[in-house]
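# Fold and geometry: a report
Read off the chains here:
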Amino acid sequence: MTGKNFDYSNYFQFNYNFDRGENPINMDFHRHGLYEIFLVLDGTCAYYVEKAKYRLAKGDLVLIDSMEKHKFEDPDDGSCYRLTLYFQPKYVEPFTSTYTDLLSCFKNRSEEKGRLLHLSERELNGFMNIMDQLVEKFHSPIFGDDVISLSYLIKALVYINRLYYNISSPTIIYSEKCKRIKDYIDTHLADELTIQNISKAVDIPASTVSKIFKRETNNSIYAYITGMRILRARALMSEGRSATESCYLAGFKNYSNFYKQFKSVLGISPKEYKSGSF
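Quick caveat: nothing in here was measured; it's all calculated off a predicted structure.

Scanning the protein chain for helices and strands turns up eleven helices and nine strands. Expressed as a percentage of its 278 residues, the buried residues of the protein chain come to 47%. Considering only contacts within the protein chain whose residues lie at least 6 apart along the sequence, 66% involve residues at least 24 apart. Accessible surface, the protein chain as shown: approximately 14,100 Å² in total, 50% of it carbon and sulfur.

Below, the structure written as structure tokens:
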């Protein structure tokens, strides 16, 4: 484990932990008065926030505000590699503006997304690039680099908020057509999502919908829909819904297909996820 506490001139405080958990760590529920970003870089783990339980895998990011009780549970082999970033909200608030609330993704969560985000490989690499620069500047003895490290904290919060609210960013640029397709899918997971239905809703010819999406996301449209539905079902189960109820609310039409896709993507069955027996 590598850790560092930041505290200079009473200006800002936060710490980071890059853990390669050689020794499994399990902790009790706690609050620490800080905002927290917890990101899995490799492996799997369990994470609890209030009454919700999340089974996390690579690219999963959890947002925790200062008042939420939470705990981390390492797998038995201690194989989860993760990043934890804490910061005092009062030191970030001076950098917010009328149009940019850096704490919005913590304070104004949508009902659908809640506190959980899943970062694609490209999004994960973009975030880690910011974190690498933050760490480099903090450890630098050069005049001013400690202050520059704060700017990277601000940049990291801007990046996470853009991902959370699907705001286009310089690092992830989609065309207007692709963004319409993606936004429609994200907000209509429970509906019947055929190429024809999507085409009609976003006013793009059916013959080009799949081509546009594949070209810009490097993912097939049906693979994306399935992945998003699995993430939605997982969130619903973490909130207390049954596996069957979560299956249909997330947009799957039959439980057999849901079971197959869920186990294929996450490596465990819905029942195992729900019961925590992983």
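Read on for the rest.
Our focus in this paragraph is the environment of D203. Looking at where D203 falls in the secondary structure, it is placed in the loop between α6 (195–202) and α7 (206–217). Sequence separation of D203 and I181 is 22 residues, and the distance between their C-alpha atoms is 9.5 Å.

Burial of strand β8 (residues 81–87) is extensive: six of the seven residues sit out of reach of the surface. Relative to β8, strand β3 (residues 35–42) runs antiparallel, the two being bridged by seven bridges. What sits directly across from L39, in β8, is L83.

So, about the confidence of the model for the protein chain. Per-residue pLDDT for the protein chain has a mean of 81; in total, 84% of the residues score no lower than 70. Per-residue pLDDT, averaged within each element of the protein chain, yields its smallest value for strand β1 (residues 2–5) (46) and its largest for α6 (94). Ignoring residues within four places in sequence, the model shows residues 1–17, a span with pLDDT below 50, making 56 contacts including any to other chains.

Definitions and limits used
Residues numbered from 1 in each chain as written. Predicted model: local features only at pLDDT ≥ 70, side-chain atom pairs only at ≥ 80, totals over all residues. Heavy atoms only, no water. Helix = DSSP H or I, 4+ residues; strand = E, 2+ residues; numbered from the N terminus. Buried < 20%, exposed > 50% of the residue type's maximum accessible area, 1.4 Å probe, protein only. Contact = heavy atoms within 4.5 Å. Areas by Shrake-Rupley, 256 points an atom, 1.4 Å probe, with all protein chains shown as cover. Pairing = 2+ DSSP bridges. pLDDT = per-residue confidence, 0-100.

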